[in-house]
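# Structural overview for review
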Amino acid sequence: MNSFNQGAINYLEEGDKKYYVYALVDGEKNEVFYIGKGEGNRVFSHQIEAGKDLNSEREKLKRINKIEESGKEVKKYLLNWHLTEEEAFAAESALINLMKILGSLTNIVSGHGDSHEAFSVEDFDLLYGAKELTKADITDNLVAFKINGLYKHGMSAQEIYDSVRGYWKVNIQRASKCKYVVALYNDIIVGVYKNIVWHDKNNWNGNPKRPNNIDTINKQSGRKFFTADICPISNKYYGKSIKENFVVRYERTPIKYIEK
């Protein structure tokens, strides 16, 4: 991606504190190679600049071009946001000084006080730029499962799929009428699945990989897990928020049936 959705921009620009501090990371080596501060879509500007100057001798642009030439990814992380420019300058300077001492950072940690957990730009855009799923958008029956406690930022599509597959005490008559299963994190759809096949928990045999409380589940009846195909992020339900239109009715259960 090379820009945030407008919803994420609006969130960043709420109030008087519009600045953030960010890091560029070599995806192959997992090394931070640049720390910066900015506002709006500033975090994306270096990669755009590098693409316009493939022979640049500037170290930052050379590193970006080298990473991309190898087929790897330049990862972008927001480390803290809703800062004044003075606060952003101070945070940026402290992180740069730390980088000079350590040479490189191999982990991403949240700070203290008003600091935020580090997000990849993709996760940030997904969480804060999500558009609302309206009732008019629903042209298929969906069954949605909350995975708030299992979701980790930066998870792959396969890891999300393994986390959402089971085991659920579903109403199999209703679930069987659903074209899609969707995974919910904080009421945002982070995974969409089709061609669903439901399995009894007694056919577990180590599939899916979770949960750790299998002994407890074995004592309960009616639990199911599913196998399915992972839909691409271009699916119309992916990345949508159900909070405004659907969450109140189902807020006490991890399972939501959203019917057309």
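Read on for an overview of the structure. (Residues numbered from 1 in each chain as written. Predicted model: local features only at pLDDT ≥ 70, side-chain atom pairs only at ≥ 80, totals over all residues. Heavy atoms only, no water.)

### Thoughts on the pairing of strand β8 (residues 188-200)
Pairing geometry for strand β7 (residues 180-185) and β8, over 5 bridges, is antiparallel. Across the sheet, the residue bridging to A183 is G191, located in β8. Between β7 and β8, which pair antiparallel in sequence order, lie 2 residues; one of them, N186, sits at a positive phi of approximately 50°. Where β8 and strand β9 (residues 224-230) come together, 6 bridges link them in antiparallel fashion. When the bridges of β9 are listed, H199 appears paired with F225. (Pairing = 2+ DSSP bridges. Helix = DSSP H or I, 4+ residues; strand = E, 2+ residues; numbered from the N terminus.)

### Describing the side chain of R165
By the secondary structure assignment, R165 is in the loop between α6 (157-164) and β6 (166-168). Judged by relative accessible area, R165 falls into the buried class, the value being 5%. A polar contact is formed between the side chain of R165 and the backbone oxygen of F226, at a distance of 3.0 Å. (Buried < 20%, exposed > 50% of the residue type's maximum accessible area, 1.4 Å probe, protein only. Polar contact = N/O pair within 3.5 Å; in protein donor to acceptor, adjacent residues only side chain to side chain.)

### Examining the environment of E31
Counting through the fold element by element, E31 comes out in strand β2 (residues 31-38). Distance in space between the C-alpha atoms of E31 and K75 is 9.7 Å, their sequence separation being 44 residues.

### Focus on the packing of aromatic side chains
Tallying each qualifying case throughout the model produces 19 aromatic pairs. The interplanar angle of 5° and the centroid separation of 3.9 Å between the aromatic rings of Y11 and Y128 together place this pair among those described as stacked. Of the two residues, Y11 sits in helix α1 (residues 6-12) while Y128 sits in helix α5 (residues 121-128), which places them 117 residues apart along the sequence. The buried category is assigned to Y11, whose relative accessible area is 17%. Look at W198 and F226: their rings are 5.5 Å apart centre to centre, the planes differ by 65°, and that puts the pair in the edge-to-face class. Within this pair, whereas W198 is found in strand β8, its partner F226 is found in strand β9, the two being separated by 28 residues in sequence. Both residues of the pair, W198 and F226, belong to the buried class. Positioned above the aromatic ring of F89, the side-chain terminus of K37 is 4.5 Å from the ring centre. (Phe/Tyr/Trp six-rings, centres within 6.5 Å; stacked < 30°, edge-to-face > 60°. Lys NZ or Arg CZ within 6 Å of the ring centre and 35° of its normal.)

### Re helix α2 (residues 45-52)
Each α-helix winds once per 3.6 residues, and so residues spaced three or four apart point in a common direction. Along α2, the residues that are buried comprise H46, Q47 and A50. For α2, the angular spread of buried residues about the axis comes to 95°, placing them on one side. Those residues of α2 hidden inside the fold are in contact with β1 (19-26), β2, α3 (59-69) and β3 (74-83). (Arc of directions from axis to C-beta. Contact = heavy atoms within 4.5 Å.)

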